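If you want the building blocks of each chain, they are given just below.
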Amino acid sequence: MHSLLLVEPLTLPPRNPRIGATTNRTKRRSLSLQPSNSTHQYHPHQKVPHLTLYDEPLSSTTYALILESCGSLGLGKQVHAHSIKAGFRGHEFVETKLLQMYGNTGSFECARLLFDTMSLRNLYSWTALLRLHVDMGFFEEAFLLFKELLYEGVRVQLDFFVFPVVLKICCGLDALELGRQLHGMVFKHEFVTNVYVGNALIDMYGKCGSLDEAKKVLEGMPQKDCVSWNSIITACAANGMVYEALDLLENMSAGDLAPNLVSWSAVIAGFSQNGYDVESVELLARMLRVGMKPNARTLASVLPACARIQWQRLGKELHGYIIRHEFFSNAFVVNALVDVYRRCGNMKSAFKIFSKFSRKCTASYNTIITGYWENGNIFKAKELFDQMEQGGVERDRISWNSIISGYVDNFLFDKAFGLFQDLLKEGIEPDSFTLGSVLTGCADMASIRRGKEVHSQVIVKGLQSNSFVGGALVEMYCKCQDIMAAQMAFEEVTERDVATWNALISGYARSNQTQKIEELLQKMEGDGFEPNVHTWNGIIAGYVENKHYDSATQLFTQMQISNLRPDIYTVGIILAACSKLATIQRGKQVHAYSIRAGHDSDVHIGAALVDMYAKCGGIKYCYLVYNRISNPDLVSHNALLTAYAMHGHGEEGIALFRRMLAGKVRPDHVTFLSVLSSCVHAGSIEIGRECFSMMETYNVTPTLKHYTCMVDLLSRAGKLNEAYKLIKNMPMEADSVTWSALLGGCFIHSEVALGEIAAKKLIELEPYNTGNYVMLANLYASVGRWHYVAQTRQLMKDKGIQKSPGCSWIEDRDGVHVFLASDKTHKRADEIYYILDNLTNLIRIKHKSQL
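Residues numbered from 1 in each chain as written. Predicted model: local features only at pLDDT ≥ 70, side-chain atom pairs only at ≥ 80, totals over all residues. Heavy atoms only, no water.

## Focus on the overall build of the protein chain
Across its full length, the protein chain holds 45 helices and 2 strands. Counting all 851 residues of the protein chain, 47% fall into the buried class. If you take every contact in the protein chain between residues at least 6 apart in sequence, the share linking residues at least 24 apart comes to 63%. (Helix = DSSP H or I, 4+ residues; strand = E, 2+ residues; numbered from the N terminus. Buried < 20%, exposed > 50% of the residue type's maximum accessible area, 1.4 Å probe, protein only. Contact = heavy atoms within 4.5 Å.)

Now the structure itself:
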């Protein structure tokens, strides 16, 4: 993205002193202009400060001039008091100007009290109070006041300036039918050709979603100004017709009326709000090229687009422009800029702007809280969440949803559920997002009890038919292995979508009910939904979890020849299947696909590839794959370290561990387990001791596996007594693997007495494991105690234990072939044994010729 070079000064238009509407639109309703008996009574207590403006009484004209320029409520009240003292109480003109002053300063109670006490009301006073209601967002009250004007108010004919105010009521209530009735009144009063009324009608139809009627109004206007074009452009943009709005902008440029800042800002906002992020930024660049400079509204529109596409460089440039033109007083601009930095992961800059410039309202807190938990700092997010309560800032449902979702995403499920209970105690009504997040936590912790508690809340709220909540319920029951409850929850969802179907199909796959999957896929298509890549990912994951590795790889092959291309998650799942099958040829095929798709440099796929090659015996490929990872993390390092340990490359493993420490990579329990195993293979007893002691430095508590590695290391090095002492002093009971490591060392160093102790413990733990008896017999044989060898073999016969036959397998293009000792079940057994006999004879002949 080229630099926008926002360096020219910008002159802002004067700010509107009226307070904007603060309430959300209500749902569309049927309204009619019928008489109403409702009245409004307000009795506020007021204190008027003393101020001597002039010694002599003023004329009504002078009062009017003073009140029109008055932007302070306190000063306005002093003028009001002075007018009463001067004998202007009940003066129609002066009181109308006073009413307009109270409206302009946003003093609703004062305006209402004055209006109720006015002896003479004209159309201007009614309009002033109507405008104040609309500006305050009291749309229903404004509608009732308008009906009062029609049936109980002035006896003069309505004038054109009333309708632009009243039509805003339709916008606030999203009441299209009421707007059409008012349009009829406009015709009746012959104001349809008035440009101001026409612009208001365009704005009303556009905001109420009737774009065609807005266009008809524009076409029927004999006179159009820039506001007319801006209104229709805004209407098109608000209704998603962004390219049509752009065409109108370009038509303006070709005509007599050049687009102004409002025109450009409306189009840019439309593109941004409808998800055309790159296009909205490009439009900003076009606007700059024609010499138009953005104002606060433009910036508040384009910054969210910049945030979503994570263009931090452009965000910083806009940040500089905001500083130079002093837009930090605009809360929308500040919050949008904070959002840019938090989406780009730059929480230091985001928090700096939040702390210095934010008005510390609920919206600004919600933005910064979301930023911290999205970037992994849930504790800072919770600190700010608590700070809201301490600072008297209202924590709304979005605040609670953000922190609950943060805890769920950071696997702090108990705390998330606790916060959900606190939300209920606070009297805040959970919505679909709240319940969906908590259900996700219940699913991940597989807590069906808590899941059912949340399910009861869902039923109380009547949200079981919602696709988001219903899908979360299905997933929760599936992960809790209650597939029947999942099916029932699915049937309750009336607003099903692809995600809901995927949750159910994945649940059946994970429950190993594969015979049901084909039926569900057919029903899904019958419901009008095509299976997507996520559908197949869920099925493949279910196959892998239930050890149907061949079925998983076959489905992966089918996906490649279909219109659905496997994504990065498919590759990750199928690599796990290849690792379990130890099929290097299939693994290479998946590797090739990941290279073509550009996934091999991904840190997660790279680690999975290293693991797959290690388990398939291709250690030479592990380091090559590791080197292609763009930004290796701890998991990637551990994968290669484990591969070295698995294949006995101890020195390479130790060298890698040293490079990790030099690179400031903080090791975890997996790292230490792998490096200790590398020390065993390398016979590096001193390095092993050093690494074992180092665990405390990194706050890693040794597990049984770590102790077993140390026992193995000491035993192989002949430090048998030290190894035995370590076993006795372990904070947990040794298992069969630990005792087997000691017994193996005893066999190597012919230590019979300690070997017998280890063998006795092994036999106690695993009385029917033939390997334990074989190791003991081999120990006796190594020192020539044949009598004890015979006793051990007799013990095996008495217990009916037989040595497990050896097993091997080989992979070719037809699949994997598994063989046991003396096995003749293979379909080509005769051919195989014939070739083996020939090979054996050839070896014997060669051996005799060498003698």
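## Points about the packing of helix α37 (residues 669-682) against helix α38 (residues 685-697)
The interhelical angle for the contact between α37 and α38, taken along N-to-C directions, is 165 degrees, at an axis separation of 9 Å. Classified by the angle their axes make, α37 and α38 are roughly antiparallel. In this structure, the crossing between α37 and α38 has a hand that is left-handed. Here Phe 672, Val 675, Leu 676 and Cys 679 of α37 lie close against α38, whose contacting residues are Ile 687, Gly 688, Cys 691, Phe 692, Met 694 and Met 695. Looking at the contact of α37 with α38 residue by residue, the classes come out as 9 nonpolar, 1 polar and no charged. (Axes fitted to C-alpha atoms, helices over the stretch in contact; angles between N-to-C directions. Parallel < 35°, antiparallel > 145°, perpendicular 65-115°, else oblique. Left-handed = near helix turned anticlockwise from the far one by under 90°. Nonpolar A, V, L, I, M, F, W, Y, C, P; charged D, E, K, R; others polar.)

## Some thoughts on helix α7 (residues 162-173)
Under the 1.5 Å per step criterion, the end-to-end length of α7 is 18 Å for 12 residues, consistent within 8% with the ideal 16 Å. Considered for burial, the residues of α7 that qualify are Val 162, Phe 163, Val 165, Val 166, Leu 167, Ile 169, Cys 170, Cys 171, Gly 172 and Leu 173. Positive backbone phi, at 55 degrees, marks Asp 174, one or two positions downstream of α7. (Expected span 1.5 Å × (residues − 1).)

## Structural notes on the packing of helix α8 (residues 176-188) against helix α9 (residues 195-207)
Helix-helix packing is described using two parameters, namely the angle between the two axes and the distance between the axes. Here α8 crosses α9 at 165 degrees, and the two axes come no closer than 10 Å. In terms of their interaxial angle, α8 and α9 are classed as roughly antiparallel. Helix-helix and strand crossings are classified by hand; for α8 and α9 the assignment is left-handed. Contact residues: Leu 176, Gly 179, Arg 180, His 183 and Val 186 in α8; Val 197, Leu 201, Met 204 and Tyr 205 in α9. Here the contact of α8 with α9 is built from residues that sort into 6 nonpolar, 2 polar and 1 charged.

## Details of the nonpolar core
Ranked by size, the top nonpolar core spans 241 residues in total, and within it Ile 233, Leu 303, Ile 368, Ile 369, Ile 403 and Leu 742 carry the most contacts. The element that contributes the greatest number of residues to this core is α7, accounting for 9 residues. (Core = buried A, V, L, I, M, F, W, Y, C linked by side-chain atoms within 4.5 Å.)

## What to know about a nonpolar patch on the surface
A cluster of nonpolar residues, Tyr 834, Ile 835, Leu 836, Leu 839 and Leu 842, forms a patch on the protein surface that exposes about 510 Å² of accessible area. By the element assignment, Tyr 834 lies in helix α45 (residues 829-850). (Patch = residues over 30% accessible without salt bridge, like charges linked within 9 Å, V, L, I, M, F, W, Y side chains within 5 Å. Areas by Shrake-Rupley, 256 points an atom, 1.4 Å probe, with all protein chains shown as cover. Salt bridge = Lys/Arg side-chain N within 4 Å of Asp/Glu carboxyl O.)

## So, the packing of aromatic side chains
Here the structure, examined in full by the defined rule, presents 24 aromatic pairs. Three or more aromatic residues link up through ring pairs in this structure, and these residues are Tyr 124, Phe 160, Phe 161 and Tyr 196. (Phe/Tyr/Trp six-rings, centres within 6.5 Å; stacked < 30°, edge-to-face > 60°.)

## Some details on helix α18 (residues 347-357)
If you check which residues of α18 are buried, you get Met 347, Ala 350, Ile 353 and Phe 354. Viewed along the axis of α18, the buried residues span an arc of 130 degrees, placing them on a single side of the element. Across α18 from its buried face, at more than 90 degrees, point the exposed residues Lys 348, Lys 352 and Lys 356. Each element contacted by the buried residues of α18 is listed here: α16 (312-324), α17 (331-343), α19 (362-374) and α20 (378-390). (Arc of directions from axis to C-beta.)

## Here's the deal with the environment of Asn 377
One can find Asn 377 in the loop between α19 and α20. Residues Asn 377 and Met 347, spaced 30 residues apart in sequence, show a C-alpha to C-alpha distance of 9.8 Å.

## Observations concerning the pattern of salt bridges
In total, this model carries 28 salt bridges according to the counting rule given. Salt-bridge contacts for Arg 342 lead to Asp 339; the nearest nitrogen and oxygen are separated by 2.5 Å. Here Asp 339 and Arg 342 lie together in helix α17, a separation of 3 residues that amounts to about one turn. Judged by its relative accessible area of 13%, Asp 339 is buried. Of the charged contacts in the structure, one is a salt bridge between Lys 523 and Glu 519, with a shortest N-O distance of 3.2 Å. Of the two residues, Lys 523 and Glu 519 are both situated in helix α28 (residues 517-526); the distance of 4 residues between them amounts to about one turn of the helix.

## Notes on unusual backbone geometry
Positive phi, normally seen in glycine, also occurs at Asp 174, with a value near 55 degrees. With respect to the helices and strands, Asp 174 occurs in the loop between α7 and α8. Its identity as a non-glycine residue notwithstanding, Ala 446 has a phi of 55 degrees, on the positive side. If you trace the backbone, Ala 446 turns up in the loop between α23 (432-444) and α24 (448-461).

## Some thoughts on the environment of Leu 412
Examined against the element boundaries, Leu 412 turns out to sit in the loop between α21 (397-409) and α22 (413-425). In sequence terms Leu 412 and Ile 378 are 34 residues apart; their C-alpha atoms lie 9.5 Å from each other. Once residues lying within four places of it in the same chain are set aside, the contact partners of Leu 412 are Ile 378 and Tyr 407.

## Some words on the confidence of the model for the protein chain
Mean pLDDT over the protein chain: 81, with 86% of residues reaching 70 or higher. With pLDDT under 50 throughout, residues 1-54 is counted as low confidence; its partners more than four residues away or in other chains account for 118 contacts. (pLDDT = per-residue confidence, 0-100.)

## A few points about the state of the cysteines
One pass over the structure, following the stated rule, counts 0 disulfides. Free cysteine: Cys 171, not disulfide-bonded; nearest cysteine sulfur from Cys 208 at 5.2 Å. Cys 616 carries a free sulfur, and the closest cysteine sulfur to it, the one in Cys 578, is 6.8 Å from it. By relative accessible area, Cys 616 is classed as buried at 14%. (Disulfide = S-S within 2.5 Å.)

## Observations regarding the side chain of His 455
You can see His 455 is positioned in helix α24. For His 455, the contacting residues outside a window of four places in its chain are Leu 473 and Tyr 477.

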